[in-house]
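# Coordinate analysis (summary)
One-letter residues, chain by chain:
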Amino acid sequence: MESGEITISRAARQADFPARFQLIAAMNPCPCGYLGHPSGKCHCSGDAVKRYQQRISGPLLDRIDIQVEVAALAPALLSAGADGAASAEIAQRVAQAHQRQLARQGVPNQRLSTRDIDLHCKPDGNAALTLRNAMLHLHWSARAYHRVLKVARTIADLAQSSSITSAHIAEAIQYRRGLREP
Ligand SMILES: [Zn+2]
């Protein structure tokens, strides 16, 4: 998942193939799927929820950069049109942020090595403190720490900001708290 390569071994031969991909996945929060739903339909026990969520291993979850809960929509909202910016407008913002990354460091943020993260994703004073606190409270691994920094760098790039501020870090931290506790 991280090397962007896959090695296939058959008998005495071995071959490397490119395998750089973007993983997008969805899961239910509990066995019945209604945990946190306003109807109060979920009666799963705390243990059952925990067991269910633990079916995704920690190390795998650790490698997923953005984890967000998507709450159920009320029927009235479902039939209403989408709000917010149009896709074409967002696509343009994304392309600009991508250009910004290439101009700064030659590769997109996702491809930065740990050493380059220290170089290009330095949070400003308060932001560094916010991140350290979150890391302590949420018991993050070093990998999670570096991944949050890359996401924060991307958020700052989308906002056309050269520095990573507390607001960027706080947003990135929110994107890593997807699993609802039972
Ligand atoms: Zn449930």
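Just above, that's the structure.
Okay, so let's go over this structure.

Cut-offs applied
Residues numbered from 1 in each chain as written. Predicted model: local features only at pLDDT ≥ 70, side-chain atom pairs only at ≥ 80, totals over all residues. Heavy atoms only, no water. Helix = DSSP H or I, 4+ residues; strand = E, 2+ residues; numbered from the N terminus. Buried < 20%, exposed > 50% of the residue type's maximum accessible area, 1.4 Å probe, protein only. Polar contact = N/O pair within 3.5 Å; in protein donor to acceptor, adjacent residues only side chain to side chain. Axes fitted to C-alpha atoms, helices over the stretch in contact; angles between N-to-C directions. Parallel < 35°, antiparallel > 145°, perpendicular 65-115°, else oblique. Left-handed = near helix turned anticlockwise from the far one by under 90°. Contact = heavy atoms within 4.5 Å. Nonpolar A, V, L, I, M, F, W, Y, C, P; charged D, E, K, R; others polar. Salt bridge = Lys/Arg side-chain N within 4 Å of Asp/Glu carboxyl O.

### Section: the environment of Ala71
Looking at the element boundaries, Ala71 is found in the loop between α2 (58-62) and α3 (75-79). A relative accessible area of 56% places Ala71 in the exposed class. The spacing of Ala71 and Leu61 is 10 residues in sequence and 20 Å in space, taken between C-alpha atoms.

### Quick word on the side chain of Gln67
Summarising the element assignment, Gln67 is placed in the loop between α2 and α3. For Gln67, a relative accessible area of 13% corresponds to the buried category. For Gln67, the side chain forms a polar contact with the main-chain oxygen of Leu61, separated by 2.8 Å.

### Brief notes about the packing of helix α7 (residues 142-158) against helix α8 (residues 166-174)
Where α7 meets α8, the closest approach of the two axes is 8 Å, and the angle between their N-to-C directions is 125 degrees. In terms of their interaxial angle, α7 and α8 are classed as oblique. Helix-helix and strand crossings are classified by hand; for α7 and α8 the assignment is right-handed. Between α7, through Val148, Leu149, Val151, Ala152, Ile155 and Ala156, and α8, the contact on the second element is made entirely by His168, Ile169, Glu171, Ala172 and Ile173. Each residue belonging to the contact of α7 with α8 can be placed in one class, and the counts come to 9 nonpolar, 1 polar and 1 charged.

### Let's talk about the pattern of salt bridges
Within this structure, the stated rule accounts for 6 salt bridges. Arg176 is the partner of Asp62 in a salt bridge, and the nearest nitrogen-oxygen pair spans 3.4 Å. Of this pair, Asp62 sits in helix α2 while Arg176 sits in the segment after α8, and the two are 114 residues apart along the sequence. Both residues of the pair, Asp62 and Arg176, count as buried. The salt bridge involving Asp157 is made with Arg104; its shortest N-O contact spans 2.9 Å. Taken together, the positions of Asp157 in helix α7 and Arg104 in helix α4 (residues 87-105) put the pair 53 residues apart, joining distant regions of the chain.

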